[in-house]
Amino acid sequence: MQRTLAIVRLTWKAAFRFRLFWVLAGLLMLSVVALPLLIKDDGTARGFTQILLTYTLTVITALLGFSTLWLACGTLAREIEDCQMQMVVVKPVARWQVWLGKWLGLLALNATLLTLAGASVFVLLQVRAARLPADQQAILRNEVLVARAALREPLPDLDGMTEQVLKDRLKDNPVPPAEVPVVREQLRAQLAARLQVVPPNHLRRWEIDLGLRRALLRGQPLFIRTRFHVAETNLSGTYLGLWQVGVPEKTRVWREALSQAADTFHEFKIEPDLFDDTGRLTIEFINRNPMPVLFPLEDGLEVLYRDGGFGLNYVRGLATILAWMGLLAALGLAAASLLSFPVAAFVSASLLIVFLSSGTLSAVVQDGSLSAPDHETGEVRKTWIDYGLIGFYRVLLFLVNAVQAFSPVDSLSTGRSITWGQLAQAWGTCVLLMGGILGSVGAFIFSRRELAAAQGTT
């Protein structure tokens, strides 16, 4: 371990020699101070927090990400090209220890910079929050600067329901085998519409099971977060709905008529203790509009409750970002183990751009082709390139989604809880699994690489 720590110290010296630490610290402080001043919020607690947390943490993550890749490639590839690494490997230290020491040094550097920037954001957040009106400060403490967990209604088994209906339909009305997939998709769409669409003057009911949490949630206010879509817009842009929470004659009942905009998330507070003795919370919505509204099954409605304080939740969010930096450091070092500095930096940056372009990857995989559909027939003509690249894109998209599933910025800005289990899963996926695979490959290549070869020509 003493040999590995010696490599960690050398990595820190390289960072200071490149003046990267001071330049990056200055950029991080500038982003923390300048962004909230340049971008104005709407004066509300939610808008203020989203501006401060979302933009600053996003910029901090981007700066640390690109600098981690650059330093990871430079600290290994440059030392090999400048023949400095040859002076290190002749010492009684294994090459895998050199590789591990480089990675630990980069991780420690990122932890220091992230702690500095994160603490500055937290202090600035508290100072700016104190300037808000009293009512907005109350909203900030109860709805934003808090760790809240969410409960949803279980998703229905659409595929199983579709197969059952299809089986009954084919008994009475057989169709040719070639048309079965089309009928299946039509039935699935009909079932999904039946579960999601609320016609005019009709009721939609959700049953949320609080389970064992009901004992902890007694006396605490709950929040409903909802979103719906409409097929046609009206002049006002808002839609009236009657909300009722609770079951008459069993629990207390909360009722309120709300006019809400479509295609956006709305959050409102309900009274405590509206669930029954078994912990079941019943929520009803009556559509008072002349057109139907649609609540998506995935995020149409959820119940939020307090799960902890903001400070510890904020620390867990920063620790998740640090896990991302550990993965990027492993990626840069793995590329530098085989390639020269310019090529390693280009490959690493390209993969990072692919990571940031997950929407494009998802669209290409969904279409199944890189070619645009025919403008007359709408058909997509696949080539041999499509069959080769789409499979590769599927693997990339799977890896990207696995990393993005632990995004802490949205959770912090909306007051969502980042649990210890999610943090452990983020480190397990990003650092132990993906980083471990990259580290094993990179250390193996570095151990087999011929460092005594000529590094250039005269």
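The structure reproduced in this document is the subject of the present report. (Residues numbered from 1 in each chain as written. Predicted model: local features only at pLDDT ≥ 70, side-chain atom pairs only at ≥ 80, totals over all residues. Heavy atoms only, no water.)

Take the packing of aromatic side chains next. Taken as a whole and judged by the stated rule, the model has 13 aromatic pairs. Ring centres of Phe122 and Tyr314 lie 5.6 Å apart, and the angle between their planes is 40°; this geometry places the pair in the tilted category. Placement of the pair is Phe122 in helix H5 (residues 95-129) and Tyr314 in helix H9 (residues 310-336), with a sequence separation of 192 residues. Phe122 gets classed as partly exposed once you look at its relative accessible area, which sits at 28%. For Tyr314, a relative accessible area of 3% puts it in the buried group. Their ring planes at 55° and their centres at 5.4 Å tell us that Trp243 and Phe268 sit as a pair that is tilted. One end of the pair, Trp243, is in strand E6 (residues 238-245); the other, Phe268, is in strand E8 (residues 266-270), and 25 residues separate them in sequence. The two residues Trp243 and Phe268 agree in class, both being buried. (Phe/Tyr/Trp six-rings, centres within 6.5 Å; stacked < 30°, edge-to-face > 60°. Helix = DSSP H or I, 4+ residues; strand = E, 2+ residues; numbered from the N terminus. Buried < 20%, exposed > 50% of the residue type's maximum accessible area, 1.4 Å probe, protein only.)

Rolled over the atoms, a probe with the dimensions of a water molecule shows which regions are left empty. Quantified by volume, the second largest pocket comes out at close to 510 Å³. Among the residues making up the lining of the second largest pocket, the classes are represented as six nonpolar, eight polar and five charged. (1 Å grid on protein atoms, 1.4 Å probe; cavity = no way out; pocket = protein on both sides within 12 Å on 5 of 7 lines; lining within 4 Å. Points joined across faces, edges and corners; volume = space filled by probe spheres on them. Nonpolar A, V, L, I, M, F, W, Y, C, P; charged D, E, K, R; others polar.)

Right, let's talk about the pairing of E6 for a bit. Relative to strand E7 (residues 254-261), E6 runs antiparallel, the two sharing eight bridges. The residue of E7 that forms the bridge with Tyr239 is Gln260. With five bridges connecting them, E6 and strand E9 (residues 280-287) associate as antiparallel partners. Each bridged residue has a counterpart across the sheet, and for Gly241 the counterpart in E9 is Asn287. (Pairing = 2+ DSSP bridges.)

A word on the sheet that holds E8. What the four strands build is an open sheet, ordered E1-E11-E4-E8; its pairing is antiparallel. Among the strands making up the open sheet, the edge pair consists of strand E1 (147-151) and E8. Sheet twist, expressed as the average angle between the axes of neighbouring strands with direction ignored, equals 35°. Relative to strand E11 (residues 301-308), strand E4 (residues 222-226) runs antiparallel, the two being bridged by four bridges. Within E11, the position partnered with Phe223 by the bridge is Leu304. (Axes fitted to C-alpha atoms, helices over the stretch in contact; angles between N-to-C directions.)

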